[in-house]
Amino acid sequence: MSEDPAAERSGYTDFSVQKFSYSWTISNFGFLLQEIGDTIKSPTFSSGLFNDNDKWCLKILANGINEESKDYLSVHLTMLSCPKSPAWARFRFWIISVHGEKTNGMICPRFFKITPNQNWGFKKFIHRDLLLSLRSWLFPDNELTIFCDVDLVVQDSLINCGKSTVPGIQVPRNTLEDELGQLWENSLFTDCCLVVAGQEFQAHKAILAARSPVFRAMFEHDMEERRKNRVEIQDVEPQVFKAMMDFIYTGKAPDLHSMADAVLAAADKYGLERLKVMCEDALCRDLCVENAAHTLILADLHSAGLLKTKTLDFITAHVSDVSETSSWKTMMVLHPQLLAEAYSSLASTHSSSLEPPPKRLKQS
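Residues numbered from 1 in each chain as written. Predicted model: local features only at pLDDT ≥ 70, side-chain atom pairs only at ≥ 80, totals over all residues. Heavy atoms only, no water.

Re the nonpolar core
Step number 1: Of all hydrophobic cores here, the largest spans 43 residues; its most connected members are Ile60, Leu73, Leu77, Phe93 and Leu152.
Step number 2: Considering every element that reaches this core, the biggest residue donor is strand S9 (residues 143-155), with 6 residues.
Step number 3: Among the nonpolar cores identified, the runner-up in size contains 40 residues, and Ala203, Leu208, Leu264 and Leu283 belong to it. (Core = buried A, V, L, I, M, F, W, Y, C linked by side-chain atoms within 4.5 Å. Buried < 20%, exposed > 50% of the residue type's maximum accessible area, 1.4 Å probe, protein only. Helix = DSSP H or I, 4+ residues; strand = E, 2+ residues; numbered from the N terminus.)

Encoded structure:
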């Protein structure tokens, strides 16, 4: 007589990854940023995943959350309620520019377990000075738009809002920037010619006009460039021009290791504000005693306000060494107004060091 097989038992736990996003526009943000330091809270919203039974909100702290982050804008995501527990979330924040582009993105590196009324976000999302310096690009109508993407994982989550429970189809990644880059690299379907140091490059008027206000003006008005579909590019080296065009077509940062100063000049000339900030960042990271005075001259020449501020701070901290360099002596002769600004910054720093420290900001 054979033995009966042992009874078998099995179980299944489903962890489902769901996605939702929220866009939040704040009016009169310039005033709020400069005058109000309290928490700014978004309208309450639902993810749309639980028949609107979950509630969320975004929060902005214009002066950070503590002394360390007081010069930054802090952004946070708060879950107010959720019918499924436990839950884990990974989130991303962006600022939406006037052209509808996502910029200054910060991505949470991993999933965090979230509970109601707990804040998750970035205390140093963007420096206030940088935000103000990009006012014309990020909130020209005095409106700031924050975009938040959330990946949400919940246990035993057969989320059904009248939708099929059949496993979804993997959507391919967005390849738009690669495809536009190929149009440029392979000179496909071009309709204008750009001449740089005798070299001819084929391009697309629509893309140039969409990305650069300077190119747009050339092709909109009755100018020679519009009539001949030919543009002479002056004072830009071919290598720098190619880096600029790569950015125009793909939005990706070019290799700025050895030519950030030249690309900064080109970005300033053609109104490419985001590329200009990328160059400022590269030059700021490369600051040293030998190039500080030269960088200050460059920042002033191209109205790179944040780079100028950072360079003045660096010079103030290393003034005895910087003042011995050849670029400092050149600045004394050719740019005396910058010398005055440097000494004014130095005097201001010494003066402020004699004052009592400011009171700690109240945390919200």
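Quick word on the packing of aromatic side chains
Step number 1: Under the criterion given, the structure shown has 14 aromatic pairs.
Step number 2: For the pair Tyr22 and Phe45, a centre-to-centre distance of 3.7 Å together with 10° between the ring planes defines the contact as stacked. Placement of the pair is Tyr22 in strand S1 (residues 15-27) and Phe45 in the loop between strand S2 (39-41) and strand S3 (55-61), with a sequence separation of 23 residues.
Step number 3: Judged by its relative accessible area of 17%, Tyr22 falls in the buried class.
Step number 4: For the ring pair Trp94 and Phe147, a centre distance of 6.1 Å and an interplane angle of 45° mean the geometry is tilted. Taken together, the residues span a long stretch of sequence, with Trp94 in strand S5 (residues 87-96) and Phe147 in strand S9 at a distance of 53 residues. Side by side, Trp94 and Phe147 carry an identical accessibility label, which is buried. (Phe/Tyr/Trp six-rings, centres within 6.5 Å; stacked < 30°, edge-to-face > 60°.)

A few points about the sheet that holds strand S10 (residues 192-196)
Strand pairing in a sheet takes place through backbone hydrogen bonds and is either antiparallel or parallel in direction.
Step number 1: The strand order S11-S10-S12 describes an open sheet built from 3 strands, whose pairing is mixed. The outermost strands of the open sheet, each flanked by one partner alone, are strand S11 (199-203) and strand S12 (230-233). Each neighbouring strand pair of the sheet contributes to a mean axis angle of 25°, computed without reference to strand direction.
Step number 2: In this structure, S10 lies alongside S11, joined through 5 bridges in antiparallel fashion. (Pairing = 2+ DSSP bridges. Axes fitted to C-alpha atoms, helices over the stretch in contact; angles between N-to-C directions.)

Brief notes about the side chain of Thr325
Step number 1: Inspection of the secondary structure puts Thr325 in the loop between helix H13 (319-322) and helix H14 (326-334).
Step number 2: A residue is classified by how much of its surface remains accessible, and Thr325, at 4% relative accessible area, is buried.
Step number 3: A distance of 2.7 Å separates a polar atom in the side chain of Thr325 from the backbone oxygen of Val322.
Step number 4: Residues within four places of Thr325 in sequence aside, it is in contact with Val289 and Glu290. (Polar contact = N/O pair within 3.5 Å; in protein donor to acceptor, adjacent residues only side chain to side chain. Contact = heavy atoms within 4.5 Å.)

Some remarks on the pattern of salt bridges
Step number 1: A full pass over the atoms with the stated rule returns 15 salt bridges.
Step number 2: Among the ionic pairs, Glu177 bridges to Lys252, the shortest N-O distance being 3.6 Å. Taken together, the residues Glu177 in helix H4 (residues 176-185) and Lys252 in the loop between helix H8 (238-250) and helix H9 (260-269) connect sequence positions 75 residues apart.
Step number 3: With a relative accessible area of 32%, Glu177 lands in the partly exposed category.
Step number 4: Note on Lys252: relative accessible area 39%, which makes it partly exposed.
Step number 5: Three or more residues joined by partner-sharing salt bridges are found here, namely Lys19, Arg90, Arg92 and Asp151. (Salt bridge = Lys/Arg side-chain N within 4 Å of Asp/Glu carboxyl O.)

Thoughts on the pairing of S12
Step number 1: Judged by which residues are buried, S12 turns out to be one-sided: Val231 and Ile233 face inward and are buried, whereas Arg230 and Glu232, on the alternate face, are not.
Step number 2: Examined bridge by bridge, S10 and S12 share 4 bridges and lie parallel to one another. Within the sheet, the bridge partner assigned to Val195 lies in S12 and is Glu232.

Some remarks on H9
Step number 1: Taken residue by residue, H9 has Ala260, Val263, Leu264, Ala266 and Ala267 as its buried positions. All buried residues of H9 fall inside an arc of 165° around its axis, so they share one side.
Step number 2: Looking at the residues trailing H9, positive phi occurs at Gly271, about 70°. (Arc of directions from axis to C-beta.)

Some points on the packing of H4 against H8
Two quantities define a packed helix pair, namely the angle between the axes and the distance from one axis to the other.
Step number 1: Where H4 meets H8, the axes come as close as 8 Å, and the angle between the chain directions of the two elements is 140°. Here H8 runs oblique to H4, going by the angle between their axes. Here the hand of the crossing between H4 and H8 comes out right-handed. Facing H4, whose interface residues are Glu177, Leu180, Gly181, Trp184 and Glu185, H8 presents Phe241, Met245, Asp246, Tyr249 and Thr250.
Step number 2: Residues belonging to the contact of H4 with H8 are distributed by class as follows: 5 nonpolar, 2 polar and 3 charged. (Parallel < 35°, antiparallel > 145°, perpendicular 65-115°, else oblique. Left-handed = near helix turned anticlockwise from the far one by under 90°. Nonpolar A, V, L, I, M, F, W, Y, C, P; charged D, E, K, R; others polar.)

Any link to function would need more than the numbers given here.
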